[in-house]
Amino acid sequence: MAIELEHVNFIYGEDTPLAVKALDDVNLMIPDGQFIGIIGHTGSGKSTLVQHLNGLMKATSGDIRYNGESIYGKDFEMRKLRSKVGLVFQYPEHQLFEIDVFSDVCFGPKNLGLSKEEVEERAKDALQKVGIPETMYYQSPFELSGGQKRRVAIAGVLAMQPDVLILDEPTAGLDPKGRDEILQQIKTLQTETGLTILLVSHSMDDVAEYVDRIIVMNAGKVMFDDVPKSVFAHVKELEEVGLAAPQVTYVMQELRKRGFEVGEDATTVEEAAKAILRCLKA
Amino acid sequence: MLRDITLGQYYQTESVIHRLDARVKLAGTLIFIVSLFFFKNYWGYLVAALFLAGVIKLSRVPFKFMVKGMKAIVFLVIITVLFSLFLTPGEALVSLGKLTITKEGLNTAITTTIRLSMLIIGSSIMTLTTTPNNLTDAMEKSMRPLKKLHVPVHEIAMMMSIALRFIPILLEETDKIMKAQIARGADFESGNLLKRAKAMVPLLVPLFISAFRRANDLAMAMEARCYRGGDGRTKMKPLIYQKRDHLAYVCLLVYFVAAVVIGRLHF
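Residues numbered from 1 in each chain as written. Chains lettered and ligands numbered in written order. Predicted model: local features only at pLDDT ≥ 70, side-chain atom pairs only at ≥ 80, totals over all residues.

(A) Layout of the nonpolar core. By size, the foremost hydrophobic cluster in this structure holds 77 residues, and its most contacted members are A:Ile38, A:Val105, A:Ala155 and A:Ile166. At six residues, helix α5 (residues 146-158) of chain A tops the list of elements feeding residues into this core. Sequence-distant contacts of A:Ile166, defined by excluding residues within four places in its chain, comprise A:Val50, A:Leu53, A:Val85, A:Gly86, A:Leu87, A:Val88 and A:Leu198. In this structure, B:Ile17, B:Phe39, B:Ile125 and B:Leu128 belong to the second largest nonpolar core, which totals 16 residues. (Core = buried A, V, L, I, M, F, W, Y, C linked by C-beta atoms within 7 Å. Buried ≥ 20, exposed ≤ 12 C-beta atoms within 10 Å, placed from the backbone. Helix = DSSP H or I, 4+ residues; strand = E, 2+ residues; numbered from the N terminus. Contact = placed C-beta atoms within 7 Å.)

And the structure:
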């Protein structure tokens, strides 16, 4: 159970003078159960990449395999792939359309052709997972706050019970509190259900705390693909492409420069706090 | 998916035609279209074609690019041609079972094809060489006398430029919402007519909401910049006739007289 990308290329507006290479020979292996962060500057190809993973965009060349089967094969059922690889777009609240929250979440599972009971059960389950209380089920989705709307929209994809969940900038436009809540919920979801999660973001601070692996995209190419600690070691290269390591990495670097033995392992604020305390006590 | 529409698009380049006052181009297009309907022989069309070719050459817009935008209306032309070919009464030329092609029908088919394609190329030169903003400015200025009759000229022009500006934005938005719903298992492509119409709901509702949201934001942004209608409003780039514009009017007049005279001669 995994997604494999082999020499995937994608060109926007091929055969026109305005052709842009959005993906350039991308090779990736996405195994089950990983929490992956995809980081890149605007226009680095990260959104294009994730739209390939559930077949919304078709690679100009190269192959993508889902569980060993090419998704561009003749007999491959795209609909099945889309139910297994859930994609939450940027500003997903813009796709809400039903008269109440509950019916909107039911839209996805209903399209899978499930029975009414199954659909409702899945919708309830999904809403619970994103922390929407039952009292809101029959409110219009347009009356909710921004953060709540977004959680309802995420539930709409979760209700299809995908094996892989991709979130494209799920925290864009949210306040810090809303951001932390959503990220925390996604993390809980991943540890509880063993879902594979791909989190697209342009902010290292967002993902550093939660992910197992970071893929850095730049100009359509995979620039780094490693555990967070190793990726953050390349601070210079990251800065050259308009990204930055998490703020805490800079703090730790500065401390080391001034002779504090804080070690090089800390990538999150909590770890850094511990490391500094350890250093001060010693 | 939806981004390949070129009809009505602006083509950025540097040319005499681009630099002309938008009012000249507006009037020129009108004169050209009117002239097409005066012709009684094919010589008139030849003069019009030569004039058109000259303008295209001067505009520096690649002819290929122009034709690309015309693919959408080929269907319309074919239907018109078929109807006039088979349904015009007159002297029979060829009979195919119940269908007969008449001499008059053939004549009408040829002239409508020529007229339609020249009409479309002629007006697409205007949109290709004039920015939408300039075009609406020109319309506003040319329609100004109507203000005496309490026609809200400025408001109409403003609405037009906003509408034009929003076309690409809403196309992109449609594309995005469509993809988001497909990712949720929506199916826009199969089923009968009723099923397909129903499938449009998850696309249209968010699209309308987003259009209203954008309209609201735009209205707010305009008010924040103290927009209050056209009275006393000045322009950053006012339309003022230059020497080349007067020259262009003379050329247009010469073309019109020459084409109509030649087009109505009896040989």
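Once you've had a look at it, read on.
(B) Spotlight on the interface of chain B and chain A. Across the boundary between the two partners, chain B contributes 15 residues, which contact 19 residues of chain A. The biggest single contributor to the side of chain B that touches chain A is helix α8 (residues 153-183) of chain B, with seven residues. Here the residues of the side of chain B that touches chain A sort into nine nonpolar, three polar and three charged. (Nonpolar A, V, L, I, M, F, W, Y, C, P; charged D, E, K, R; others polar.)

(C) Representation of the sheet that holds strand β7 (residues 164-168) of chain A. Residues and elements named next belong to chain A. As summarised here, the arrangement of the six strands in space is β6-β7-β8-β3-β9-β10, forming an open sheet in which the pairing is mixed. Edge strands, defined here as strands with exactly one partner in the open sheet, are β6 (85-88) and β10 (221-226). Across the sheet, the mean angle from the axis of one strand to that of its neighbour is 15°, orientation sign disregarded. Two strands pair when backbone bridges link them, and β7 and strand β8 (residues 196-201) are joined in this way by five bridges, in the parallel orientation. In the sheet register, Asp168 faces β8, and the bridge partner there is Val200. α5 rests against β6 and β7 of the sheet, and its axis sits at about 165° to β6. (Pairing = 2+ DSSP bridges. Axes fitted to C-alpha atoms, helices over the stretch in contact; angles between N-to-C directions.)

(D) Region of the structure containing α8(B). If you check α8(B), its first and last C-alpha atoms are 45 Å apart, about what 31 residues at 1.5 Å a residue would give, namely 45 Å. Of all the bends in α8(B), the largest measures some 35° and sits at B:Ile167, one to four residues before the proline B:Pro168. Considered for burial, the residues of α8(B) that qualify are B:Ala157, B:Ile177, B:Met178, B:Ala180, B:Gln181, B:Ile182 and B:Ala183. Elements in contact with the buried residues of α8(B): α2 (78-84) and β6 of chain A together with α7 (132-142) and α10 (201-224) of chain B. Backbone geometry just after α8(B) places B:Gly185 at a positive phi near 90°. (Expected span 1.5 Å × (residues − 1). Bend = angle between axes of the 7 residues up to and from the residue.)

(E) Summary view of the domain arrangement of chain A. Residues and elements named next belong to chain A. One can read the domain layout of chain A as domain 1 (1-76 + 163-228) and domain 2 (97-160). Averaged C-alpha coordinates put domain 1 and domain 2 at centres separated by 24 Å. The interface is formed by nine residues belonging to domain 1 together with nine residues belonging to domain 2. Looking at the side of domain 1 that touches domain 2 residue by residue, the class counts come to five nonpolar, three polar and one charged. (Domains from an automatic or database assignment.)

(F) The arrangement of the packing of helix α3 (residues 101-111) of chain A against α5(A) in detail. Residues and elements named next belong to chain A. Axis separation between α3 and α5 bottoms out at 7 Å; the angle between their running directions is 35°. You can see that α3 and α5 cross each other, and the crossing is right-handed. Of the residues in α5, those in contact with Val101, Asp104, Val105, Phe107 and Gly108 of α3 are Val152, Ala155, Gly156 and Val157. Tallied by class, residues from the contact of α3 with α5 come to six nonpolar, two polar and one charged. (Left-handed = near helix turned anticlockwise from the far one by under 90°.)

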